[in-house]
Structure formats: structure tokens, C-alpha cells
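Structure at a glance
Chain residues, written in single-letter form:
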Amino acid sequence: IRNLRLDIVRMSDVQIEPIHWLWRGRLARGKLTLLMGDPGLGKSLIPHWLAARMSTGGEWPDGGTCERSAAIVFTIEDALADTVKPRLVAAGANMDRVIAVRGVVNQKASLDARMFALEEHVALLEELVVDEGASLVVMDPVSSYLGANVNTHKETDVRRVLGTLGQMAERTGVAVLM
């Protein structure tokens, strides 16, 4: 304990900042957002539509302006070729601006992809967000990407991993929809 200390900030030293919105009142930049609902209602359609909208820019349904940027999609329940891409096509996406992450590859050892895990690979995601200039990351469902050592029934395990993801979102200004 002698070599440790708490990292503190006096609130008198904190400058108030406004929230920066990707979609005003719905998706905040630099924050994590949960999309929740009963199974089978089509929740996955919404993030695919959002990714398509981000890829082309334009207007949000409420008349707000949607910036044009890349979107990164993690999906384990929907196949890319028969579900995700047809949805993106139907929504008019610019396919070059929508990037699907299939796994993590060790370029030095083997080309076998393994599952992306937030507990291990947030730095790789941050690098991709910056390199692609992405404004949106979708993780559907986020529980699939927490990592093998995360007990999803233990709030402290989940919060630890999501905290790291939230810090990455804050650093890069990307909106993360889960």
C-alpha cells in the first residue's frame, strides 16, 4: 500500500462541458447507451439502420443533422451475408463506411481469428475507431463480447469491463450502442 495512492480530482478544478450528441437526446458521443427490450422485437434492426445512416449522413427522423462517418458493428447473432448486409442495403448504407468486426487475429502467430473480448481488446477497438474516424460502435449483444473471465451475473465484473469501454468512448468521442 505504501507505493499506492488514490487518483483524485478536486471538483473546483473540473471545467463543466456540454454533452456532445451524435443524435440529440438519443445517442451521446463519448458515452455508452443501452438499447433494451424483449427478445424478438427487432432491436437489431435499429443499430443496423443507425450504422447505415451514419455511413451516408443526412437527416435524422426528427430533423436533426446526422454527420457522415464510419460505423463499427459487432454482431454475433446475425450473419453478415444473409442478415446484416441486406439490412444495410435496404437502409441505403455506404458499405465502405460500415465495418464489421469478426474477431481478433494474431498476425505473428496464426491467422485463426478468435473472439473479441472487451476485457482484453479495448485498445484494438480504440485504434480502429481512430483509424476509421468512426462515430458509432454497435455491440449486439454486448454480453457476448465481455470476455471469458467476466461473470455476467456479477455486477462488479461487468462494470469493470464496461468502465474501460466507457473510458475509451470518452477519449475518442465515439458513441457506443449496446
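Here's what I pulled together on the structure shown here. (Residues numbered from 1 in each chain as written. Predicted model: local features only at pLDDT ≥ 70, side-chain atom pairs only at ≥ 80, totals over all residues. Heavy atoms only, no water.)

**Remarks on the packing of aromatic side chains**
We apply this condition: A pair of Phe, Tyr and Trp rings is counted when the ring centres sit within 6.5 Å of each other, with Trp represented by its six-membered ring. The angle between the planes then sorts it: under 30 degrees is stacked, over 60 is edge-to-face, the rest tilted. Under the DSSP-based scheme used, a helix requires at least four consecutive residues in state H or I and a strand at least two consecutive residues in state E, with every element numbered from the N terminus.
By the definition in use, this model includes four aromatic pairs. Between Trp 49 and Trp 60, the aromatic rings sit 6.0 Å apart at their centres with planes inclined by 55°, giving tilted as the arrangement. Within this pair, whereas Trp 49 is found in helix H1 (residues 45-56), its partner Trp 60 is found in the loop between strand S4 (58-59) and strand S5 (65-66), the two being separated by 11 residues in sequence. Joined through ring pairs, the aromatic side chains of Trp 23, Trp 49 and Trp 60 make up one cluster.

**Describing helix H3 (residues 118-132)**
For the record, the criterion: Two axes enter the bend calculation: one fitted to the seven residues ending at the residue in question, the other to the seven starting there, and the bend is the angle between them. Per-residue accessibility, obtained with a 1.4 Å probe over protein chains only, is compared with the maximum for each type, and a residue is labelled buried under 20%, exposed over 50%, and partly exposed between these values.
Of all bends in H3, the biggest is about 30°, found at Leu 124. Those residues of H3 lying buried are Leu 118, His 121, Val 122, Leu 125, Glu 126 and Val 129. Following H3 by one or two positions, Gly 133 adopts a phi angle in the positive range, close to 65°.

**Here's the deal with the pattern of salt bridges**
Rules: Here, a salt bridge means any side-chain nitrogen of Lys or Arg that lies within 4 Å of a carboxyl oxygen of Asp or Glu.
Summed over all chains, the structure comprises four salt bridges. Notably, a salt bridge pairs Arg 26 with Asp 62, separated by 3.0 Å at the nearest N-O pair. One end of the pair, Arg 26, is in the loop between strand S1 (21-23) and strand S2 (27-28); the other, Asp 62, is in the loop between S4 and S5, with 36 residues separating them in the sequence. Owing to a relative accessible area of 46%, Arg 26 belongs among the partly exposed residues under this scheme. For Arg 171, the salt bridge goes to Glu 126, with nearest N and O atoms at 2.6 Å. With Arg 171 in helix H4 (residues 155-172) and Glu 126 in helix H3, this pair connects stretches of sequence that are 45 residues apart.

**Considering a nonpolar patch on the surface**
Here is the rule we go by: Only residues whose relative accessible area exceeds 30% and that form no salt bridge enter a patch; like-charged residues are grouped when within 9 Å of one another, and nonpolar side chains (Val, Leu, Ile, Met, Phe, Trp, Tyr) when within 5 Å. Only the protein chains shown count as cover for residues, with accessible areas throughout obtained via the Shrake-Rupley method and a probe of 1.4 Å.
A cluster of nonpolar side chains, contributed by Val 9, Met 11 and Val 14, occupies part of the molecular surface with about 310 Å² of accessible area. Within the secondary structure, Val 9 sits in the segment before S1. On the basis of relative accessible area, Val 9 is assigned to the exposed category, the value being 56%.

**Observations concerning the pairing of strand S10 (residues 134-140)**
In plain terms, the rule: For two strands to be treated as a pair, DSSP must find no fewer than two bridges joining them. For crossovers, right-handed means that the path from the first strand over the helix to the second runs clockwise, given strands pointing away from the viewer.
With seven of seven residues buried, S10 is to be regarded as a mostly interior element. Pairing between strand S6 (residues 70-75) and S10: six bridges, direction parallel. Paired with Ala 71 across the bridge in S10 is Leu 136. The pairing of S10 with strand S11 (residues 175-177) spans three bridges and is classified as parallel. Directly across from Leu 136, in S11, lies its bridge partner Ala 175. Handedness of the S10-H4-S11 crossover: right-handed.

**Focus: the nonpolar core**
In plain terms, the rule: By nonpolar core we mean a set of buried residues, namely Ala, Val, Leu, Ile, Met, Phe, Trp, Tyr and Cys, connected to one another through side-chain atoms within 4.5 Å.
Ranked by internal contacts, the top residues of the largest apolar core, which has 26 residues, are Phe 74, Leu 118, Leu 125, Val 137 and Met 139. Of all the secondary structure elements, the ones that give two or more residues to this core are S6, H3, S10 and H4. The greatest single-element share of this core, amounting to five residues, is contributed by H4. Counting 19 residues, the second largest nonpolar core, distinct from the first, contains Leu 27, Leu 136, Ala 175 and Leu 177.

**Let's talk about the sheet that holds strand S7 (residues 98-100)**
Spatially, S3-S11-S10-S6-S7 is the arrangement adopted by the five strands of the open sheet, whose pairing is parallel. If you trace the sheet from one side to the other, it starts and ends with strand S3 (32-33) and S7, each paired once. Judged from the three bridges that link them, S6 and S7 form a sheet pairing that is parallel. Paired with Val 73 across the two strands is Ala 100, which belongs to S7.

In short, the description is geometric, and any link to function would need to be established separately.
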